[in-house]
Amino acid sequence: MHTPVMLYLPLAQRNNAFPWEVFHDTHRMGTFATQDECFRHALRLADSLGRRTGRRVRLKVEGDNGVWETVDAFVPGGVEA
């Protein structure tokens, strides 16, 4: 079984023009003005990465309390393992 691809969505950074960001490892994959735009981009990216690699893609989303929640964004074949 392959290790899932992880995309990280940290809490918005105050005082930034585009405070919402998506990261793959340490690579910034996009910056956005709203959380909704950020999530939509992360889901499109997850679908693209998952289809290209055939691997599960998970989003790690930082909550207001600093705790990270993991969400499956793409599952190959659409079936849970």
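The coordinates are above.
Here goes a summary of the coordinates provided. Please read all numbers here as calculations on a predicted model, not as lab measurements. Here the residue index of a chain counts from 1 through its sequence in written order. Residue-level local features of this predicted model are given only where pLDDT is at least 70; pairs of side-chain atoms are given and counted only at 80 or more, and the full residue set underlies all totals for whole chains, interfaces and linings. Only hydrogens and water are set aside; all other atoms, that is, all heavy atoms of the structure, feed into the side-chain values.

Considerations on unusual backbone geometry
1) Next: The phi torsion at Asp25 lies on the positive side, around 55°, for a residue other than glycine.
2) Next: Secondary structure elements follow DSSP: runs of H or I of four or more residues count as helices, runs of E of two or more count as strands, with numbering from the N terminus. Here Asp25 is to be found in the loop between strand 2 (20–24) and strand 3 (27–32).

Some thoughts on the sheet that holds strand 5 (residues 68–74)
1) Next: Taken in spatial order, the five strands line up as 3-2-1-4-5 in an open sheet, and their pairing is mixed. A single partner strand is all that each edge strand has here, and the edge strands are strand 3 and strand 5. Taking each pair of neighbouring strands and ignoring which way they run, the sheet shows an average axis angle of 25°.
2) Next: Sheet analysis places strand 1 (residues 5–9) next to strand 4 (residues 57–62), joined by five bridges and oriented parallel. Each residue of the ladder has a partner; that of Val5, found in strand 4, is Val57.
3) Next: Whether two residues are in contact is decided by their heavy atoms, any of which lying within 4.5 Å being enough. Every axis corresponds to a line fitted to the C-alpha atoms, with the helix fit spanning only the stretch in contact, and the corresponding angles, defined between N-to-C directions, vary from 0 to 180 degrees. Along the sheet, helix 1 (residues 35–53) contacts strand 1, strand 2, strand 3, strand 4 and strand 5; its crossing angle with strand 1, the most-contacted strand, is approximately 170°. A pair of strands is considered paired only if DSSP assigns at least 2 bridges between the two.

A closer look at the pattern of salt bridges
1) Next: Salt bridge, as used here: a side-chain nitrogen of Lys or Arg that lies within 4 Å of a carboxyl oxygen of Asp or Glu. Counted under the stated rule, the structure contains five salt bridges.
2) Next: When the shortest N-O distance is used, the salt bridge between Asp36 and Arg40 registers 2.4 Å. Pair noted here: Asp36 and Arg40 are both in helix 1, with a separation of four residues, about one helical turn.
3) Next: The buried label goes to any residue with under 20% of its type's maximum accessible area, the exposed label to any with over 50%, and the partly exposed label to all in between, with areas taken from a 1.4 Å probe on protein chains only. Of the residues examined, Arg40 reaches a relative accessible area of 42% and is grouped as partly exposed.

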